[in-house]
Amino acid sequence: MASTESKTVHSAALTYFSMISLLTLCPPFVILLWYTMVHADGSIIQTFDYLRQHGLQGFVDIWPRPTVTAWKIIAGYAAFEAALQLLLPGKRVEGPISPAGNRPVYKANGMAAYTVTLVTYLSLWWFGIFNPTIVYDHLGEIFSALIFGSLIFCVFLYIKGHLAPSSSDSGSCGNIIIDFYWGMELYPRISKNFDIKVFTNCRFGMMSWAVLAVTYCIKQYEQNGRVADSMLVNTILMLVYVTKFFWWEAGYWNTMDIAHDRAGFYICWGCLVWVPSIYTSPGMYLVNHPVHLGTQLALFILAAGLLCIYINYDCDRQRQEFRRTNGKCLVWGKAPSKIVASYQTTSGETKTSLLLTSGWWGLSRHFHYVPEISAAFFWTVPALFNHFLPYFYVVFLTVLLLDRAKRDDDRCRSKYGKYWKLYCDKVRYRVVPGIY
Ligand code: NDP
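Criteria and thresholds
- Every chain is numbered on its own, with residues counted from 1 as its sequence reads.
- Side-chain atom pairs in this predicted model are given and counted only at pLDDT of 80 or more, local residue features only at pLDDT of at least 70, and totals for whole chains, interfaces and linings cover all residues.
- Each side-chain value is derived from all of the structure's non-hydrogen atoms; neither hydrogens nor water enter the calculation.
- Helix and strand definitions here come from DSSP, where helices need a minimum of 4 consecutive H or I residues and strands a minimum of 2 consecutive E residues; each element is numbered from the N-terminal end.
- The quantity called the radius of gyration is restricted to C-alpha atoms. Its globule counterpart is 2.2 Å times the number of residues to the power 0.38.
- Type-normalised accessible area, obtained with a 1.4 Å probe on protein chains alone, sets the label of each residue: buried when under 20%, exposed when over 50%, and partly exposed for intermediate values.
- By definition, residues are in contact when any of their heavy atoms lie within 4.5 Å.
- Using a 1.4 Å probe, the Shrake-Rupley method yields the accessible areas, and only the shown protein chains count as cover for residues.
- Counting rule for charge: Lys and Arg are taken as positive, Asp and Glu as negative, and neither His nor the chain ends is counted.
- Every charge is mapped to an atom, namely NZ of Lys, CZ of Arg, CG of Asp or CD of Glu.
- The criterion is simple. A nonpolar core is a set of buried Ala, Val, Leu, Ile, Met, Phe, Trp, Tyr and Cys residues joined through side-chain atoms within 4.5 Å.
- Multiplying 1.5 Å by the helix residue count minus one yields the expected span of that helix.
- Throughout, the term near means that a residue has one or more heavy atoms lying within 4 Å of the molecule or strand in question.
- Here a polar contact is recorded for every N or O atom pair within 3.5 Å, except that within protein the pair must consist of a potential hydrogen donor and a potential acceptor, and residues adjacent in sequence are included only if both atoms are side-chain atoms.
- Charged means Asp, Glu, Lys or Arg here, nonpolar means Ala, Val, Leu, Ile, Met, Phe, Trp, Tyr, Cys or Pro, and polar covers whatever is left, Gly included.
- Salt bridges are defined as contacts in which a side-chain nitrogen from Lys or Arg sits within 4 Å of a carboxyl oxygen from Asp or Glu.
- In this analysis, rings of Phe, Tyr and Trp, with Trp reduced to its six-membered ring, are considered paired at centre separations within 6.5 Å, and the interplanar angle assigns stacked below 30 degrees, edge-to-face beyond 60, and tilted for intermediate values.
- Remark: a charge is flagged as sitting over a ring if the NZ atom of Lys or the CZ atom of Arg is within 6 Å of the ring centre and within 35 degrees of the ring normal.
- A pair of strands counts as paired when DSSP detects no fewer than two bridges linking them.

### Observations regarding the overall build of the protein
Next, step 1: Check the secondary structure of the protein and you find 18 helices and 6 strands.
Next, step 2: Its C-alpha radius of gyration of 22 Å places the protein within 12% of the 22 Å reference for a compact globule of 436 residues.
Next, step 3: Within the span of the protein, comprising 436 residues, buried residues form 57% of the whole.
Next, step 4: Summarising the internal contacts of the protein: among those between residues at least 6 apart in sequence, 77% fall at separations of at least 24.
Next, step 5: Counting every atom, the protein has about 19200 Å² of accessible surface; 66% of that belongs to carbon and sulfur.
Next, step 6: The centroid of the 37 positive side-chain charges in the protein is displaced by 9 Å from the centroid of its 27 negative side-chain charges.

### Re the nonpolar core
Next, step 1: Leu 139, Trp 209, Trp 274, Met 284, Trp 379 and Tyr 393 are the most contacted members of the largest nonpolar core, which has 120 residues in total.
Next, step 2: The leading source of residues in this core is helix 8 (residues 196-224), at 16 residues.
Next, step 3: Here Trp 379 is in contact with Trp 209, Asn 234, Leu 237, Met 238, Tyr 241, Pro 282 and Tyr 393, once residues within four sequence places are set aside.
Next, step 4: Cys 315, Val 331, Leu 356 and Trp 360 belong to the second largest nonpolar core, which has 20 residues in total.

### Regarding helix 17 (residues 392-416)
Next, step 1: Over its 25 residues, helix 17 runs 35 Å from end to end, which matches the ideal 36 Å to within 8%, given 1.5 Å per residue.
Next, step 2: At the C-terminal side of helix 17, Gly 417 shows a positive phi close to 55 degrees.

### A few points about the site of the ligand
Next, step 1: The environment of the ligand is made up of 29 residues, and the closest members are Asp 316, Tyr 369, Asp 408, Lys 415 and Tyr 416.
Next, step 2: Between the ligand and the protein, one listed contact pairs an oxygen atom with a side-chain N or O atom of His 368 at 2.6 Å.
Next, step 3: Residue Tyr 416 places a side-chain N or O atom 2.4 Å away from an oxygen atom belonging to the ligand.
Next, step 4: Relative to its unbound accessible surface of 920 Å², the ligand loses 95% to contact with the protein.
Next, step 5: Counting residues per element, the ones that place at least two in the shell around the ligand are helix 14 (295-324), strand 6 (350-356), helix 16 (369-380), helix 17 and helix 18 (418-426).
Next, step 6: Per-element tally for the shell around the ligand: the top contributor is helix 17, with 10 residues.
Next, step 7: Here the residues of the shell around the ligand are counted per class, giving 17 nonpolar, 4 polar and 8 charged.

### So, the pattern of salt bridges
Next, step 1: Taken as a whole and assessed by the stated rule, the structure comprises 19 salt bridges.
Next, step 2: Ionic pairing is found between Arg 404 and Asp 257, a salt bridge with its closest N-O pair at 2.8 Å. With Arg 404 in helix 17 and Asp 257 in helix 11 (residues 256-259), this pair connects stretches of sequence that are 147 residues apart. Both residues of the pair, Arg 404 and Asp 257, count as buried.
Next, step 3: Note that Asp 314 and Arg 317 form a salt bridge whose closest N and O atoms lie 2.9 Å from each other.

### Some words on the packing of aromatic side chains
Next, step 1: All told, the structure shown has 44 aromatic pairs when counted by the stated rule.
Next, step 2: Look at Phe 180 and Phe 265: their rings are 5.8 Å apart centre to centre, the planes differ by 25 degrees, and that puts the pair in the stacked class. Placement of the pair is Phe 180 in helix 7 (residues 176-182) and Phe 265 in helix 12 (residues 265-279), with a sequence separation of 85 residues. Like Phe 265, Phe 180 is buried.
Next, step 3: When the centroid spacing of 6.4 Å and the interplanar angle of 40 degrees are considered together, the rings of Tyr 393 and Phe 396 count as tilted. Placement of both Tyr 393 and Phe 396 in helix 17 is noted, with a separation of 3 residues, approximately one turn of the helix. Taken individually, Tyr 393 and Phe 396 each receive the classification buried, so the pair is uniform in this respect.
Next, step 4: Taken together through their ring pairs, the aromatic side chains of Phe 29, Trp 209, Tyr 241, Trp 274, Tyr 279, Trp 379, Phe 392, Tyr 393 and Phe 396 make up a single cluster.
Next, step 5: If you follow Lys 197 out to its NZ or CZ, it ends over the ring of Tyr 187, 5.9 Å from the centre.
Next, step 6: A cation over an aromatic ring shows up here: Lys 244 above the ring of Trp 248, its NZ or CZ 5.5 Å from the ring centre.

### Digging into the pairing of strand 6
Next, step 1: Extensive coverage of strand 6 is indicated by the burial of 5 of its 7 residues.
Next, step 2: Hairpin connection, strand 5 (residues 338-344) to strand 6: the antiparallel pair is bridged by 5 residues, and Gly 348 has positive phi, about 95 degrees.

Structure representation (structure tokens):
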């Protein structure tokens, strides 16, 4: 069995620190963020004053207990998404060769699942069968249930990794905490066809983003009888972003989350809890803050956000098209410049990869993170600047992606050695051209 790629992630000390921080700080943060957005006017100061007056007991009092309604909503949604993942038709797609030399196979039915999900959700509302405002009204209980449920799910992943790994891309690094945190298996599956990471990352996590964006919009409509232009801009941009994600889902299966990060607490808890709660938070704020932007400003923000989403998409598309055609494509109208980089798999085989050094990938080594962060800014800015909290996601994303750029550089350096150095000499900046 191959050993865990622990050398390519952070050191043990940093892993302990981030794990303890994530375990102890993230769950209360999710609840505090929800409480502040929904019950404290989005004001951190108001929540802080409440906690100062009521202390720890006050915090325990605002933490919603997971209710039967919350569990039912989560179970219904998860079962629906799992069924769509298994049953909807889709093209057979091969993922990238794994470190142990395997090639995972997927069914590309993400766009179909996304369409069916949104059409079903809107139809349930339209025909009066299920009102999405119920989701908003039970949001705290749902997040609370997700926090505990996902933790148990990660324990299941850890046990499965030990007892019944799905492929040779699995293994222990000998440290239980690191195994639990970074994961044991790269491609865990239930039977041959149900890929767990596709479920947690795409069909549960990313899908919940779109579902909640629509929920917030409907809640504002039912509450006020209309949807403010700020909410419209926010919802459209988030939906375009998630639509882009599902349009390109097979491409996502080539990225770090799927091809390099194992299924553990870090990635799975993040997708099951952090994405639905934190990623959607600008919309959660807007429900009770129907800011009026005016047509001109709303259209300007919308256009800027759409442009950023397009550039982010085009960066990913460029790299994947370049790899798919083995470099035989045009990049910005010209033959691409490239580095042919060889590396060894964990089983000792020598393979080669192409590194693109022109187009977006010639501006900096992770330029695609710039439009990703900018797009998040544009779907948040309709909230204007009365409160900081709606901007938390933008700040968090900036930290996450700067860290990710470093992690990816470290991983690629250890994978490609001198070829990566050649790339760094040619493309000097890591993220922001001329600055970093
Ligand atoms: P990338 O798509 O950047 O993939 C990184 C991998 O691409 C590297 O590990 C390497 O893999 C390969 N690679 C690196 N440089 C080159 C090159 N010059 N030419 C060809 N291949 C190269 O990874 P991400 O997963 O970080 O990003 C994917 C998308 O997801 C982006 O749009 C990003 O913005 C988005 N994202 C969003 C997040 C969010 O929370 N909103 C979080 C993370 C990402 P190999 O081993 O194959 O060589």
